[in-house]
Protein chains: 2
Amino acid sequence: MPKADSFIQSFLMHRNVLGGVLDNLTDKDLDFHPWDGAFSTADLVWHMLSSTYTFASTAASGAIGERPEKPVFTSIDELKNAAREWTEKTVETIRSMSDEQFNVSIDTTKMIGRDVTAGQLLSIMRDHEIHHKGQLFVYARLCGAQKLPLFIHAG
Amino acid sequence: MPKADSFIQSFLMHRNVLGGVLDNLTDKDLDFHPWDGAFSTADLVWHMLSSTYTFASTAASGAIGERPEKPVFTSIDELKNAAREWTEKTVETIRSMSDEQFNVSIDTTKMIGRDVTAGQLLSIMRDHEIHHKGQLFVYARLCGAQKLPLFIHAG
């Protein structure tokens, strides 16, 4: 299996949980801030979508990619649509990578403080996604969610 | 590099962040429950330490390992000592594994609903650790933490 396909599979094990978490939320939860200065729920989800895409485009192009501009979210449905759109873009971007590209070193000092290979950057991207998804589970519980999915999507 | 050493390195990138999070907490935060029925802070940290060890011992022995019994934690220092102790045990357990053992299939249906190889189980263990560590960051902020470390330990 090409490295890109194998990585996409292991990334989607986590990204595919996001919809199940958002199903528990309602429009009033978008602006929920658990502490002063925290990301709101919408901010946190957008941080996941936009950072993951930026990591992926950096890995694929070999140079730090531009972070997409944050839209205004006025409903959970809009957030769910954004999740679908940016997941698709992220997957397409990773799918374009050859096995050789995974070993290319990238100048990512301005992004993460040191240089890494594209493959290592994708691994950090995946860890970053899991970290913030874990946080989103707590946000959802604090908003009253009762039926959260497992943290990992096996299918 | 042996697979075990490479995996230990990638696991410690996350486990080594735990101490820096706990440094932000005080004894009164041990029993903090962000919602009714939630893990307390002590429960959450013990869940990480004990699950990760159980995943590791299952991967190394080829059969589902016993989950260690939860001690009573009366101070953050006791929790920090437990973190050191169980990190050491977990690392020793993984270090005992040969490259071949990573490919051995294990009957883990009762643990995670399907059979996986020891290597795949360690990968799930690592994801599980990152997920709950992400949650612990939110707990710590809700307890008033101001100086949390990065989610990943690069050194």
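Quick notes on the rules
- Residues numbered from 1 in each chain as written.
- Chains lettered and ligands numbered in written order.
- Predicted model: local features only at pLDDT ≥ 70, side-chain atom pairs only at ≥ 80, totals over all residues.
- Heavy atoms only, no water.
- UniProt positions renumbered as here; feature names shortened; annotations may be inferred.
- Least-squares fit on C-alpha atoms with pLDDT ≥ 70 in both.
- Contact = heavy atoms within 4.5 Å.
- Axes fitted to C-alpha atoms, helices over the stretch in contact; angles between N-to-C directions.
- Helix = DSSP H or I, 4+ residues; strand = E, 2+ residues; numbered from the N terminus.
- Parallel < 35°, antiparallel > 145°, perpendicular 65-115°, else oblique.
- Left-handed = near helix turned anticlockwise from the far one by under 90°.
- Nonpolar A, V, L, I, M, F, W, Y, C, P; charged D, E, K, R; others polar.
- Polar contact = N/O pair within 3.5 Å; in protein donor to acceptor, adjacent residues only side chain to side chain.
- Phe/Tyr/Trp six-rings, centres within 6.5 Å; stacked < 30°, edge-to-face > 60°.
- Buried < 20%, exposed > 50% of the residue type's maximum accessible area, 1.4 Å probe, protein only.
- Lys NZ or Arg CZ within 6 Å of the ring centre and 35° of its normal.

Labelled according to an unreviewed UniProt entry, chain A appears under the name DinB family protein, originating from Alicyclobacillus dauci. Under the heading Sequence similarities (unreviewed entry), UniProt records this for chain A: "Belongs to the DinB family."

Caption draft 1: Inspection of the relation of the copies chain A and chain B at higher detail. Overlaying chain A with chain B gives an RMSD of 0.0 Å, the required rotation being 180 degrees about an axis along which the chain moves by 0.0 Å. Both copies of the chain, as the preceding transformation shows, are related through a two-fold rotation axis. With an isologous cut-off of 70% or more, the 100% of interface residues of chain A that recur at the interface of chain B puts this contact in the isologous class.

Caption draft 2: Region of the structure containing the packing of helix α6 (residues 118-142) of chain A against helix α6 (residues 118-142) of chain B. Axis separation between α6(A) and α6(B) bottoms out at 7 Å; the angle between their running directions is 50 degrees. By the criterion of interaxial angle, the relationship of α6(A) to α6(B) is oblique. Once α6(A) is placed against α6(B), the crossing between them reads as right-handed. Across from Arg126(A), Asp127(A), Ile130(A), His131(A), Lys133(A), Gly134(A), Gln135(A), Phe137(A), Val138(A), Tyr139(A) and Leu142(A) in α6(A), the residues of α6(B) making contact are Arg126(B), Asp127(B), Ile130(B), His131(B), Lys133(B), Gly134(B), Gln135(B), Phe137(B), Val138(B), Tyr139(B) and Leu142(B). Classifying every residue of the contact of α6(A) with α6(B) gives 10 nonpolar, 6 polar and 6 charged.

Caption draft 3: Quick peek at the side chain of Thr41(B). Residues and elements named next belong to chain B. Position of Thr41 among the secondary structure elements: in helix α3 (residues 41-61). Here the side chain of Thr41 touches Asp29 through a polar contact of 2.8 Å, landing on its backbone oxygen. Setting aside residues up to four positions removed in sequence, Thr41 forms contacts with Leu25, Asp29, Leu30, Phe32, Leu136 and Tyr139.

Caption draft 4: Structural view of the packing of aromatic side chains. One pass over the structure, following the stated rule, counts 8 aromatic pairs over all chains. Between Trp46(A) and Phe73(A) the ring centres are 6.0 Å apart and the planes differ by 50 degrees, which places this aromatic pair in the tilted class. Here Phe73(A) lies in the loop between α3 (41-61) and α4 (76-95) and Trp46(A) lies in helix α3, a separation of 27 residues in the sequence. Each of the two residues, Trp46(A) as well as Phe73(A), counts as buried. With 4.9 Å between their ring centres and 70 degrees between their planes, Tyr53(B) and Trp86(B) make a pair best called edge-to-face. Residue Tyr53(B) is located in helix α3, and its partner Trp86(B) is located in helix α4 (residues 76-95); the two are separated by 33 residues in the primary sequence. Comparing Tyr53(B) with Trp86(B), the two get one shared label, buried. Linked through ring pairs, Trp46(A), Tyr53(A), Phe73(A) and Trp86(A) together constitute an aromatic cluster. A cation over a ring is seen here: Lys89(A) above Trp86(A), with NZ or CZ 4.1 Å from the ring centre.

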